[in-house]
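Structural features, examined
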Amino acid sequence: MTRRIARVQLESPLPQLDRLFDYAIPAELLDTAVPGVRVKVPLRTAGRMVEGYVVEIGDEDDADRPLSELDQVVSTAPVLPERLYRLARAVADRAAGSAADVLRLAVPKRMVRAEKAWLASDGAAPPVVLSAERARAAAVLEEFPTLLEQLRAGERVAVDAPPRLVEARPAWARLLAAAAASMLAEGRSAVVAVPDHRDLDLLQEQLLTLVPDSALVRHDAGQSGPERYAGYLRTLEDAPCVVIGNRSAVYAPVRDAGLVAIWDDGDPLLDEPLAPYAHARDVALVRQSLDGCALLFAGHTRTTDVERLVSIGFVAEVQTPRRAAPRVVLSTAPEHEQSSARIPSASFRAVREAVESGPVLVQVARPGYAPSLVCADCRAPTRCAHCGGPLHARARGATPVCTWCGRAAHAWSCPQCSSTRLRLASSGSERTADELGRAFAGARVIVADGAHPVREVDDRPALVVATRGAEPLTPHGYRAVLLLDGDRMLQAPDLRIGEHCLRWWSNAAALAAPDAPVHLVGVTGPVARALASWTQPNYARLELAERAPLHMPPAARVARLEGDTAAVDAALRTLAEDVPGLPAEAILGPVPIDRDGYPGSRALIRFDYGRGPLVTRSLRASVVAAAMKARGRAAKDSRSRKATRNTLAVRVDLADPEL
């Protein structure tokens, strides 16, 4: 006797449930239980109902095998197409994670009204890109002679975006919009992921001049639930579309993906902070291998991750015949000037001359007035007496406030020398604006940071003090750009701080007007030379060569394993058995750590890309085994809090590994 069964992916974070479960389909659900729909099913081990997705439907001859039945079809909308499940499974396997965690990021929360409206509609009509718009898009791509042909052929390419403004908008937005529109004109969909909402607004503005409004789908964390869910449902239809969004947009399940593009993949906002912590760049690479679509990496700088792919020939580098670059000046204080001078005289004169004709951009490291304070006598950093957090000043002469707990430090005294005097150790955006306002009397001063968001400034003379990444646009570009605090930025304890600084400075320099000076203050060395010569790929190659002997990312992959000491030791032993030939020096640690009041261990595993599948499979198996063991302990001692904790956790592809 044959019966119909459904293979269901459960919506559960438990690692031991990360597989397909077989359920019998009752007669009343045979017509509605189809692949992709949401269902409710019994979970016998937990004695409760859980939701999941039907992934496959099959027939089974062994009717004697005891199977639970589907309890309910939550919705008849097939929201999980096979292509999205395949991508989620592949991303989870690469990151030693769970497919359910990936689907939680990819599929928005169900909104009943939006779903009913979609089911009742006839679907979107195939969009038409007019010949004039198609010609305009092709003209933009002609700046890169072979780019359009490579995209049509489904190749992987890396492009250095032109560092200039076109019609008061960054050239990169015009370039990506043209690539997406050209793909839509071919009858295929395009997916473009950018770091934040400001980039999304720019990209959307450019796309609406090339493609119909009905063909553009925006995925944005700032959207309401119904808007986001309605946009997701649109991507399930046969009609091609252009999907733009933040990091989760790379999962958009368009039917015929012709292009996946990532802008500025070095931005930390594209790094997913939730399990399984897959970077948008890595998801795009996995998707390209599954779908055979074109893959485009674009930016003003080149990350070491993309440069590694270029160096091995996996990604093709596409350049323009005529290379454009801003006029960068490496500015240092002359010997006769005070070494403590924040702005050298040459840069000061350049700003004074430029501000007479238009806006001048001044980039600083941090927001606020004085982000850090020190003792005026012994120079010891000031700390909060309650929590030990750093103190900062909100204004000149204001009472210091703790950055962590927010308490005011009244009657503060230094624990080192008992002094009660404070000194401002750094200048934030507000203090810099205050100082420049006094130095340039009568000049208009504008602050742009997280607390004072400014998208655009007009073309009148002004000093625009902005934190990195918050620089406003101006119609004809800044008449000068002054990059301050560079030496302080480079002192951050981060493996990739050189890459980050080069990206921040390059993105700011790209906002300068033609032939406007870009002054980088107080920085020398490889990063400064790369900016001055506008050879960011060379810097990425240099960084990659330095990391290779140390087996540090991205020259090698790095996984972090942490949990109970016994579980970590067992996982490392299993890893040595499952991955033959893994050298002993590949494992750093384990070292003792504190896990919410319980002792534990942490270890790092460095491995080459060829061993990646074996390593992640072994680590995932250890996570499942540890979870099953913890569940067994919990069943024996339900009163034990420790028995119910996650005893082992894995994170793969750490960008900045630290024990």
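Residues numbered from 1 in each chain as written. Predicted model: local features only at pLDDT ≥ 70, side-chain atom pairs only at ≥ 80, totals over all residues. Heavy atoms only, no water.

**Digging into the packing of helix α15 (residues 526-533) against helix α16 (residues 536-547)**
Where α15 meets α16, the closest approach of the two axes is 8 Å, and the angle between their N-to-C directions is 155°. Relative to α16, the element α15 lies roughly antiparallel. Of the residues in α16, those touching α15 at Pro 526, Val 527 and Ala 530 are Gln 536, Tyr 539 and Leu 542. When grouped by side-chain class, the residues that make up the contact of α15 with α16 number 5 nonpolar, 1 polar and no charged. (Axes fitted to C-alpha atoms, helices over the stretch in contact; angles between N-to-C directions. Helix = DSSP H or I, 4+ residues; strand = E, 2+ residues; numbered from the N terminus. Parallel < 35°, antiparallel > 145°, perpendicular 65-115°, else oblique. Contact = heavy atoms within 4.5 Å. Nonpolar A, V, L, I, M, F, W, Y, C, P; charged D, E, K, R; others polar.)

**With respect to the packing of helix α14 (residues 497-509) against α15**
Relative to each other, α14 and α15 sit at 30°, their axes nearing to 10 Å. The pairing of α14 with α15 is recorded here as roughly parallel in orientation. For α14 against α15, the interelement crossing comes out right-handed. In this structure, α14 contributes Gly 498, Leu 502, Trp 505 and Ser 506 to the contact, and α15 contributes Val 527, Ala 530 and Leu 531. (Left-handed = near helix turned anticlockwise from the far one by under 90°.)

**Things to note about the pattern of salt bridges**
All told, the structure shown has 51 salt bridges when counted by the stated rule. The shortest N-O distance in the salt bridge between Asp 653 and Arg 94 comes to 2.8 Å. Of the two residues, Asp 653 is situated in the segment after β28 (648-652) and Arg 94 in helix α1 (residues 82-94); the sequence distance between them amounts to 559 residues. Salt-bridge contacts for Glu 143 lead to Arg 164; the nearest nitrogen and oxygen are separated by 3.0 Å. (Salt bridge = Lys/Arg side-chain N within 4 Å of Asp/Glu carboxyl O.)

**Some thoughts on the sheet that holds strand β25 (residues 557-563)**
On the basis of which strands lie adjacent, the open sheet formed by 4 strands has the order β26-β27-β25-β28 and antiparallel pairing. Looking along the sheet, the strands with just one partner apiece sit at the ends: β26 (587-595) and β28. Mean inter-strand twist for the sheet, computed between neighbouring axes without regard to direction, equals 20°. Direction of pairing for β26 relative to strand β27 (residues 598-607): antiparallel, over a ladder of 7 bridges. Bridge pairing in β27 places Leu 588 opposite Leu 604. (Pairing = 2+ DSSP bridges.)

**Looking at the sheet that holds strand β10 (residues 216-219)**
Strand order in the open sheet formed by 7 strands is β10-β11-β9-β12-β13-β6-β14, and the pairing between neighbours is parallel. A single partner strand is all that each edge strand has here, and the edge strands are β10 and β14 (316-318). Along the sheet, successive strands turn relative to each other by an average axial angle of 20°, direction set aside. Relative to β14, strand β6 (residues 156-160) runs parallel, the two sharing 3 bridges. By the bridge assignment for β14, Val 159 is matched with Val 318. The sheet contacts of helix α8 (residues 225-235) involve β10 and β11 (242-245), and relative to β10 the element is tilted by about 130°.

**Regarding unusual backbone geometry**
Glycine aside, negative phi is the norm for most residues, and most peptide bonds take the trans geometry. Between Ala 275 and Pro 276 the backbone carries a cis peptide bond, its omega angle lying at 5°. Its place among the elements puts Pro 276 in the loop between β12 (257-263) and α9 (280-291). Going from Gly 589 to Pro 590, the amide bond is cis rather than trans, its omega being 5°. Relative to the helices and strands, Pro 590 resides in strand β26. Of note in this structure, Ser 418 is not a glycine but carries a positive phi near 70°. Position of Ser 418 among the secondary structure elements: in the loop between β19 (401-402) and β20 (422-424). Despite not being glycine, His 551 has its phi angle at roughly 55°, a positive value. The residue His 551 is located in the loop between α16 and β25 in this model.

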